[in-house]
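Reading the structure
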Amino acid sequence: MTLHSVTDPAASMRLLADLLREDVGQEYVTAAKRRREEGTHEQRRWVLGLLVTCVCVAMILALGVVQRDATEPAAIKARAALIVRAQQAQARVDQLEAQLTATRSTVSDLQSAIVADSAAGAEVSGRLNVLEMDAGYTAVVGPGLIVTIDDAAQMVASDPGDPGRVQDRDVQLVVNGLWQSGAEAVAINGRRLTATTAIRTAGMAILVDYKPILPPYQIEAIGNPALLASNYAATSSGRALDQLVESFGLSVDTTTSLLLHLPAAVGVAPISATVPSDSVRATLSAAASASASAGSSASAGSSASSASSAFGSVLSTGGVL
Amino acid sequence: MIAAIGLVIGIVLGVVLQPAVPIWLQPYLPIAIVAAMDAVFGATRALLDDVFDDRVFVVSFLSNVLIAGLLVFLGDHLGVGAQISTGVVVVLSMRIFANAAAIRRHLFKA
């Protein structure tokens, strides 16, 4: 017996077979047997009970099919809700960014209107332009280098740990290499970088300035194209990237361009700022209305010069603007 | 005939009305579904065996659903709800398999 069960390859299935051989659902059989013993041969009818029970049974089955989303795991629902909220927040960010860009151009218009007509103003304006360009505060145009990196062709898209996936570190490597090679302005997929822009990984996406970007990653750098290209190839970043291409199959493409348009960075937060006093604000609005009406040049000139002195006082008392 | 009408009415009601299952009843819905399937398979087998009985059908369905629900309720309060649910589903599935096998023997003689 023991020997038999050992040699029987399906021994472990015996339990299941026994259970199936047994009359598991035998209420009806027992009831029929009892009826036979009692001598009543015709089956009892109970129309209402049968109808109600059938309705119940069918309703439960239908509900089971219809209400699938009710028993759907809570995590999936929560994820969907989070995606909706993230998209709404992203839309709000886009809207605020557009508003910010518009406000910024108004501010710079006002600034140039104020300082336009005096030598001191022109000097301030020139310095401001250079600083703004370096800080990524204004859009810039010029020749430069484009480095495009993309995930390896044989990468498994669903695997966040695939070595063929471009990581934040790789993008940082390229960007640092470009700065090192003398780039004057850098943008990734149209997001301008500043000194404080973060390039980080979140989940499977790379965030530039807390905004997700998708591969291929196009890194544009403005500068002397020939110089940039030769310098970049010689930097440790350029060599490290070559190694990545060799070992993990990332695709990297470097081209020069005679005309690159890099937008202003949107995520620039001032480290410190000064709110102008009431008198300065009054002069500013007077200058704005003067430049808007653009009537007699004499009145515009006088208000602009007075405004520029007020501007100077803000700079000296308020420190960094 | 009556059973078929009842089933159709029930499906139509369930699909059209889509009554909201209260949140406290939702853990019992899967159990109730398995119990309902068990009742249907058992009744079909009894019909084919020519021993179908309205009263047995009604009583066995109600008692199965009630006992299954009660067990899961009790298990929930004892902290073993998931295990008891599994047990109930295994037992009912076993019955469904046995009844389905009997139905298959009837229909296909195999």
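Residues numbered from 1 in each chain as written. Chains lettered and ligands numbered in written order. Predicted model: local features only at pLDDT ≥ 70, side-chain atom pairs only at ≥ 80, totals over all residues.

Our next topic: the overall build of chain A. Across its full length, chain A holds 12 helices and 8 strands. Burial status across chain A gives 24% buried among its 321 residues. (Helix = DSSP H or I, 4+ residues; strand = E, 2+ residues; numbered from the N terminus. Buried ≥ 20, exposed ≤ 12 C-beta atoms within 10 Å, placed from the backbone.)

With that settled, the discussion passes to the interface of chain A and chain B. Facing 33 residues of chain A, the contacting portion of chain B comprises 40 residues. Among the secondary structure elements, those contributing two or more residues to the side of chain A that touches chain B are helix H2 (14–21), helix H3 (27–38), helix H4 (47–66) and helix H5 (68–71) of chain A. Taken together, the residues that form the side of chain A that touches chain B break down as 23 nonpolar, 7 polar and 3 charged. (Contact = placed C-beta atoms within 7 Å. Nonpolar A, V, L, I, M, F, W, Y, C, P; charged D, E, K, R; others polar.)

Moving on, we get to the pairing of strand S2 (residues 185–188) of chain A. Residues and elements named next belong to chain A. Residues Ala185 and Ala187 of S2 are buried on one face, and the alternating residues Val186 and Ile188, pointing to the opposite face, are buried as well. Pairing analysis gives 4 bridges linking S2 to strand S7 (residues 217–222), with the strands arranged antiparallel. Across the sheet, Val186 pairs through a bridge with Ala221, a residue of S7. Sheet topology note: the S2/strand S3 (residues 191–192) ladder contains 2 bridges and is antiparallel. Looking at the pairing, Ile188 lines up with Arg191 of S3. Between S2 and S3, which pair antiparallel and follow one another directly, the connecting turn spans 2 residues, one of which, Asn189, has a positive phi of 45°. (Pairing = 2+ DSSP bridges.)

Residues and elements named next belong to chain A. At a minimum axis distance of 8 Å, the contact between helix H6 (residues 74–115) and helix H7 (residues 119–135) shows a crossing angle of 150°. Judged by the inter-axis angle, H6 sits roughly antiparallel to H7. Residues Ser112, Ile114 and Val115 of H6 lie in contact with H7, whose contacting residues are Gly121, Ala122, Val124 and Ser125. Taken together, the residues that form the contact of H6 with H7 break down as 4 nonpolar, 3 polar and no charged. (Axes fitted to C-alpha atoms, helices over the stretch in contact; angles between N-to-C directions. Parallel < 35°, antiparallel > 145°, perpendicular 65-115°, else oblique.)

Bringing the packing of helix H2 (residues 29–49) of chain B against helix H3 (residues 54–78) of chain B into the picture now. Packed helices, taken two at a time, are described by the angle their axes make and the gap between the axes. All names here are of chain B. At a minimum axis distance of 9 Å, the contact between H2 and H3 shows a crossing angle of 155°. Classified by the angle their axes make, H2 and H3 are roughly antiparallel. As for the relative orientation of H2 and H3, their crossing is right-handed in sense. Contacts from Ile31, Ala32, Ala35, Asp38, Ala39, Gly42 and Ala43 in H2 reach Phe57, Ser60, Phe61, Asn64, Val65, Ala68, Gly69 and Val72 in H3. Broken down by class, the residue content of the contact of H2 with H3 amounts to 10 nonpolar, 4 polar and 1 charged. (Left-handed = near helix turned anticlockwise from the far one by under 90°.)

Through backbone hydrogen bonds, the strands of a sheet pair up, either in parallel or in antiparallel fashion. The strand order across the open sheet built from 5 strands is S3-S2-S7-S1-S8 (chain A), with neighbouring strands paired in antiparallel fashion. Each end of this open sheet is capped by a strand with a single partner; those strands are S3 and strand S8 (251–262) of chain A.

The predicted coordinates of low-pLDDT regions are not to be read in fine detail. All names here are of chain B. Averaged over every residue, the pLDDT of chain B is 85; residues scoring 70 or more account for 99%. Of all the helices and strands in chain B, helix H1 (residues 2–17) carries the lowest mean pLDDT, 83, while H3 carries the highest, 88. Across the predicted assembly, pTM comes out at 0.48 and ipTM at 0.80. (pLDDT = per-residue confidence, 0-100.)

Residue and element names in this part refer to chain A. For helix H9 (residues 225–234), every residue scored as buried is listed here: Leu228, Ala229 and Tyr232. Viewed end-on, H9 has its buried residues packed into an arc of 95°, placing them on one side of the element. Turned more than 90 degrees away from the buried face of H9 sit Ala226, Leu227 and Ser230, all of them exposed. Check the buried side of H9 and you find it contacts strand S1 (140–150), helix H8 (168–180), S7, helix H10 (236–248) and S8. (Arc of directions from axis to C-beta.)

In this section: the sheet that holds strand S5 (residues 205–208) of chain A. Residues and elements named next belong to chain A. Spatially, the 3 strands line up as an open sheet ordered S4-S5-S6, and their pairing is antiparallel. A strand with exactly one partner marks an edge of an open sheet, and here the two such strands are strand S4 (199–202) and strand S6 (211–213). Each adjacent strand pair in this sheet contributes to an overall mean axis angle of 40°, direction not counted. Bridge analysis of S4 against S5 gives 4 bridges, and the strand direction is antiparallel. Counterpart to Thr201 in the pairing with S5 is Ile206.

Residue and element names in this part refer to chain A. Only one face of S5 is covered, namely the one carrying Ile206 and Val208; the face carrying Ala205 and Leu207 has none of its residues buried. The loop that links S4 with its antiparallel partner S5 comprises 2 residues; one of these, Gly203, has a positive phi angle of about 65°. Of the strand pairs in this sheet, S5 and S6 are connected by 3 bridges, and their pairing is antiparallel. Its bridge partner lying in S6, Leu207 is registered against Pro212. What sits between the antiparallel neighbours S5 and S6 is a turn of 2 residues, in which Asp209 has the positive phi angle 60°.

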